[in-house]
Amino acid sequence: MSESSTPSTPTSPAPEPYEIKTITNADSDALLGHLRKFFFKDEPLNVAVQLIEYENSTCPELERYSLKSIKEGTSLMAVTNTNHVIGVCLNGTITSTISNEAETEEDDCENVKFSKVRSFLNYCGKEGTKAIAQRYPDVEKIMFVKIISTDTAWRGKGIAKELMDRTRKIGRERGYGLIRVDCSSYFSARAVARLGFECVYELKYKDYIENGQPIFQTEHPHLSFTVYVQKM
């Protein structure tokens, strides 16, 4: 997944001090509160299947999926001095045998809408990993940016870039060869491209079909799912 579908603005000063910290289990409620407000309801795939049906509805399966990254100790959040979460970057590990965390989920999912999203992420995860292996056959360990999200009021302040910079630093310290970002949003793809990432895989949503029809009819300009990488 990727940052929600709001275009970036020129960087301007932050309105108040904040710090970047590692997310722990104790931060779960604050993390989910942020994602419910600024990510889940705007993410293009979620919008296409109407995963979040109304303002205060939730998707437990999606929330469990999102929280899984915490256990690795590499996910980050930006928090103000008043304990307001203004940005999050959920990170995991990809190896030669696991394309992304969605592939390790249980097969039985009662939520049909989320099952469609998860199946799509599984497919793109595997295809993206194949493309990376062809381009970088000697890289075995990859830092996978699973979700990156910023508070609407803080976009254009450099929060996402700082979260990515800190993620890259962690990856280097832990011996990762690449950093990978899967983008379901046009705006997130454009943002990581500006950071020097290269696109190694793309699947247009209109080409992912079932019974002759596209499964995801996403809103313009979100026309494709892309995988971007950058060497550490």
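These lines cover the structure that appears in this document, whether it is placed above or below. Everything quoted here is computed from the prediction, not taken from an experiment. (Residues numbered from 1 in each chain as written. Predicted model: local features only at pLDDT ≥ 70, side-chain atom pairs only at ≥ 80, totals over all residues. Heavy atoms only, no water.)

## A few points about the packing of aromatic side chains
In the structure shown here, the tally under the stated rule is ten aromatic pairs. Measuring from ring centre to ring centre gives 6.1 Å for Tyr 208 and Phe 216, while their planes differ by 20°; the resulting arrangement is stacked. Note on accessibility: Tyr 208 and Phe 216 belong to one class, buried. Here the aromatic residues Phe 120, Tyr 123, Tyr 205, Tyr 208, Phe 216 and Phe 225 are joined through ring pairs into a cluster of three or more. The ring of Tyr 176 has Lys 141 lying over it, and the distance from NZ or CZ to the ring centre is 4.6 Å. (Phe/Tyr/Trp six-rings, centres within 6.5 Å; stacked < 30°, edge-to-face > 60°. Buried < 20%, exposed > 50% of the residue type's maximum accessible area, 1.4 Å probe, protein only. Lys NZ or Arg CZ within 6 Å of the ring centre and 35° of its normal.)

## Looking at unusual backbone geometry
At the junction of His 220 and Pro 221, the peptide bond is cis and its omega measures out at 10° in the coordinates. For Pro 221, the location among the structural elements is in the loop between strand 8 (213-214) and strand 9 (224-231). One non-glycine residue, Gln 50, adopts positive backbone phi at about 55°. Turning to its location among the elements, Gln 50 is positioned in the loop between helix 2 (44-49) and helix 3 (60-67). Of note in this structure, Asn 83 is not a glycine but carries a positive phi near 65°. By the element assignment, Asn 83 lies in the loop between strand 2 (76-80) and strand 3 (85-94). By relative accessible area, Asn 83 is classed as exposed at 67%. (Helix = DSSP H or I, 4+ residues; strand = E, 2+ residues; numbered from the N terminus.)

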